Amino acid sequence: MPLRVFLLCFTSSAMKTLPILLHPDPRLKKMCDPVTVFDTALQTFADDMLHTMYEAPGVGLAAPQVGVTKRIFVMDCTTKDEDQIREHKPMVLINPEITWSADETSVYNEGCLSLPDLYEDIERPASVKMRYRDVSGETHEETFEDLWSTCAQHELDHLDGILFIDYLTRMKRNMMTRKMEKYKKDLARG
Ligand code: NI
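Residues numbered from 1 in each chain as written. Predicted model: local features only at pLDDT ≥ 70, side-chain atom pairs only at ≥ 80, totals over all residues. Heavy atoms only, no water.

Draft legend 1. Quick peek at the overall build of the protein chain. Of the regular secondary structure elements, the protein chain holds 3 helices and 7 strands. Listed N to C, the secondary structure of the protein chain is α-β-β-β-β-β-β-β-α-α in terms of helices and strands. Counting contacts in the protein chain only where the partners sit at least 6 residues apart, residues at least 24 apart contribute 69% of the total. Carbon and sulfur atoms make up 51% of the accessible area of the protein chain, which totals about 10000 Å². (Helix = DSSP H or I, 4+ residues; strand = E, 2+ residues; numbered from the N terminus. Contact = heavy atoms within 4.5 Å. Areas by Shrake-Rupley, 256 points an atom, 1.4 Å probe, with all protein chains shown as cover.)

Below, the structure written as structure tokens:
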């Protein structure tokens, strides 16, 4: 999800900015495979994903968006108040699953780094509990609320090949896909 507020960058020269795939792309529609190896390559990939997300800037990024069909996403929904130095909370969620979701729902005007500048109201459970592993393979369970809940569900969807536009009517989805096709064509032309 894109973040429209200013972000202090979490960067290091060793980190790579990964190219983000744009919709429509068949790689964004794939069911991703669980992560089975927790090694330094995974740690590096997670760092590169966080770096790429902050650079975009966005509040979440899923592995398939950078062409890796593995069940891993990163997020940081901390926002900056005008006069306050914000503190980052970079999170890496591996093999995440929802273990509980609230009956109450909330609506958020969602966007996606794979569909730049397109936003739509999406209704989702207002809070969810997720079980996931961190980069060292340790299991955690955490409850997410507000934007964190929306973001976590949006990113988890990516791992199942689902985009937020899949919740819209076919007419709206087709319209947004046509806009993206045009955007990509213009981008390719330079
Ligand atoms: Ni997205």
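Draft legend 2. Seen up close, the coordination of the nickel ion. In the first shell of the nickel ion, the protein supplies C112 (SG), H154 (NE2) and H158 (NE2), at 2.1 to 2.2 Å from the metal. Sequence spacing of the donors to the nickel ion: C-x41-H-x3-H. On the criterion of sequence distance, the pair formed by C112 in strand β4 (residues 105-112) and H158 in helix α2 (residues 146-159) is long-range, its members being 46 residues apart. Overall, C112 belongs to the buried group, its relative accessible area being 1%. Among the residues examined, H158 registers a relative accessible area of 1% and is labelled buried. (Donors = N, O, S within 2.8 Å, 3.2 Å for Na, K, Ca; no water. Buried < 20%, exposed > 50% of the residue type's maximum accessible area, 1.4 Å probe, protein only.)

Draft legend 3. Up close: the pattern of salt bridges. Considering all chains together, one arrives at 11 salt bridges under this definition. Ionic pairing is found between E142 and K89, a salt bridge with its closest N-O pair at 3.2 Å. Here K89 lies in the loop between β2 (72-75) and β3 (91-101) and E142 lies in strand β7 (residues 139-145), a separation of 53 residues in the sequence. Taking the shortest distance from any N to any O, the salt bridge between R131 and E141 comes out at 3.9 Å. Of the two residues, R131 sits in strand β6 (residues 127-133) while E141 sits in strand β7, which places them 10 residues apart along the sequence. (Salt bridge = Lys/Arg side-chain N within 4 Å of Asp/Glu carboxyl O.)

Draft legend 4. A look at the confidence of the model for the protein chain. Model confidence for the protein chain is summarised by a mean pLDDT of 92, while 89% of its residues fall at 70 or above. Note that residues 4-9 has pLDDT below 50 and, in this model, 16 contacts with residues that lie over four places away or in other chains. (pLDDT = per-residue confidence, 0-100.)

Draft legend 5. Molecular detail of the packing of aromatic side chains. Evaluated as defined, the whole model comprises 1 aromatic pair. Centroid distance F144 to W148: 6.5 Å. Interplanar angle 15 degrees. Geometry classified as stacked. Over the aromatic face of W148 sits the side chain of K89, whose NZ or CZ is 5.2 Å from the ring centroid. (Phe/Tyr/Trp six-rings, centres within 6.5 Å; stacked < 30°, edge-to-face > 60°. Lys NZ or Arg CZ within 6 Å of the ring centre and 35° of its normal.)

Draft legend 6. Inspection of the environment of T99 at higher detail. Tracing the chain through its elements places T99 in strand β3. Between the alpha carbons of T99 and R131 there is a distance of 6.5 Å; along the sequence they are 32 residues apart. Not counting the four nearest positions on each side in its chain, T99 is found in contact with K129, M130, R131 and E141. A polar atom in the side chain of T99 sits 2.7 Å from the side chain of E141. (Polar contact = N/O pair within 3.5 Å; in protein donor to acceptor, adjacent residues only side chain to side chain.)

Draft legend 7. Representation of the side chain of Q153 in the model. For Q153, the position within the fold is in helix α2. Setting aside chain neighbours within four positions, we find Q153 in contact with I98, R124, P125, V128 and M130.

Draft legend 8. Expanded view of helix α3 (residues 170-189). Along its 20 residues, α3 runs 28 Å from first to last C-alpha, staying within 8% of the 28 Å computed at 1.5 Å per residue. Where the residues of α3 are buried, they touch β5 (115-125). In the stretch just after α3, G190 is the one whose phi turns positive, near 90 degrees. (Expected span 1.5 Å × (residues − 1).)

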